[in-house]
Amino acid sequence: HASTVGVPQIMRERAVAAGTSTAHSFVAVGGLLLQQEIQYLDEALRGDTAQHPLAALVGGAKVSSKLPALRHLLDSVDKLLIGGAMVYTFFVAMGC
């Protein structure tokens, strides 16, 4: 079969949703832009080079996939701003 190197995660998810039998052979690969984003974040959050005050804005819908990143950010930033659909999860947790 053809090589699956470089096939994005979304292709695998769509294949699974479509019920194809080859979905298990796909792999997820981050590209150069993702690598660059991670490098920028690492430099911005590293203790010796971080400029303060430092704030982070995080949005999206699925809190469970972002919890490890949010916990890490709490230790690195002065303010953490939550936006998007994720806000409703925090409102429910706060009893609002």
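Above this note sits the structure.
As the structure is a prediction and not an experimental result, all values here were calculated from the model. (Residues numbered from 1 in each chain as written. Predicted model: local features only at pLDDT ≥ 70, side-chain atom pairs only at ≥ 80, totals over all residues. Heavy atoms only, no water.)

Novice: Where do I start with the pairing of strand 1 (residues 55–58) in this structure?
Specialist: Along strand 1, the buried face is formed by A56 and V58; none of A55 and L57, which line the opposite face, is buried. Once you follow strand 1 into helix 3 (residues 67–76) and on to strand 2 (residues 79–82), the crossover reads as right-handed. (Buried < 20%, exposed > 50% of the residue type's maximum accessible area, 1.4 Å probe, protein only. Helix = DSSP H or I, 4+ residues; strand = E, 2+ residues; numbered from the N terminus. Right-handed = clockwise from strand over helix to strand, strands pointing away.)

Novice: In this structure, what is going on with the nonpolar core? I would like to understand it.
Specialist: Side chains of a nonpolar character, in soluble globular proteins, are inclined to be buried together. By size, the foremost hydrophobic cluster in this structure holds 10 residues: L45, A50, L54, A56, V58, V63, L70, L73, V77 and M86. When contributions to this core are tallied by element, the ones reaching two or more residues are strand 1 and helix 3. In this view, M86 contacts V58, G59, G60, A61, V63, K66 and L70; residues no more than four positions away in its chain are not counted. (Core = buried A, V, L, I, M, F, W, Y, C linked by side-chain atoms within 4.5 Å. Contact = heavy atoms within 4.5 Å.)

Novice: I tried to follow a nonpolar patch on the surface on my own but got confused; where do I start?
Specialist: Taken together, the side chains of Y88, F90, F91 and M94 define a hydrophobic patch exposed on the protein surface, amounting to about 450 Å² of accessible area. Topologically, F90 is positioned in helix 4 (residues 86–94). Residue classification places F90 among the partly exposed residues on the basis of a relative accessible area of 30%. (Patch = residues over 30% accessible without salt bridge, like charges linked within 9 Å, V, L, I, M, F, W, Y side chains within 5 Å. Areas by Shrake-Rupley, 256 points an atom, 1.4 Å probe, with all protein chains shown as cover. Salt bridge = Lys/Arg side-chain N within 4 Å of Asp/Glu carboxyl O.)

Novice: Is there a simple way to think about helix 3 in this case?
Specialist: Structurally, the α-helix is built with 3.6 residues per turn, so residues lying three or four positions apart point the same way. Those residues of helix 3 not exposed but buried are L70, L73 and S76. Down the axis of helix 3, the smallest arc covering the buried residues is 120°, so these residues share one side. Across helix 3 from its buried face, at more than 90 degrees, point the exposed residues P68, R71, L74 and D75. Here the buried face of helix 3 lies against helix 2 (32–45), strand 1, strand 2 and helix 4. (Arc of directions from axis to C-beta.)

Novice: Looking at this structure, I do not really get the pattern of salt bridges. What am I missing?
Specialist: Side chains that carry opposite charge are capable of pairing whenever their charged atoms lie near each other. Within the structure shown, the criterion is met by 1 salt bridge. R46 is the partner of D42 in a salt bridge, and the nearest nitrogen-oxygen pair spans 2.6 Å. Overall, the relative accessible area of 42% leaves D42 in the partly exposed class.

Novice: Looking at this structure, I do not really get unusual backbone geometry. What am I missing?
Specialist: Of all residues except glycine, most have a negative phi; of all peptide bonds, most are trans. Cis peptide bonds are those with omega within 30 degrees of zero, and the linkage from H52 to P53 qualifies with 5°. Considering the arrangement of structural elements, one finds P53 in the loop between helix 2 and strand 1.

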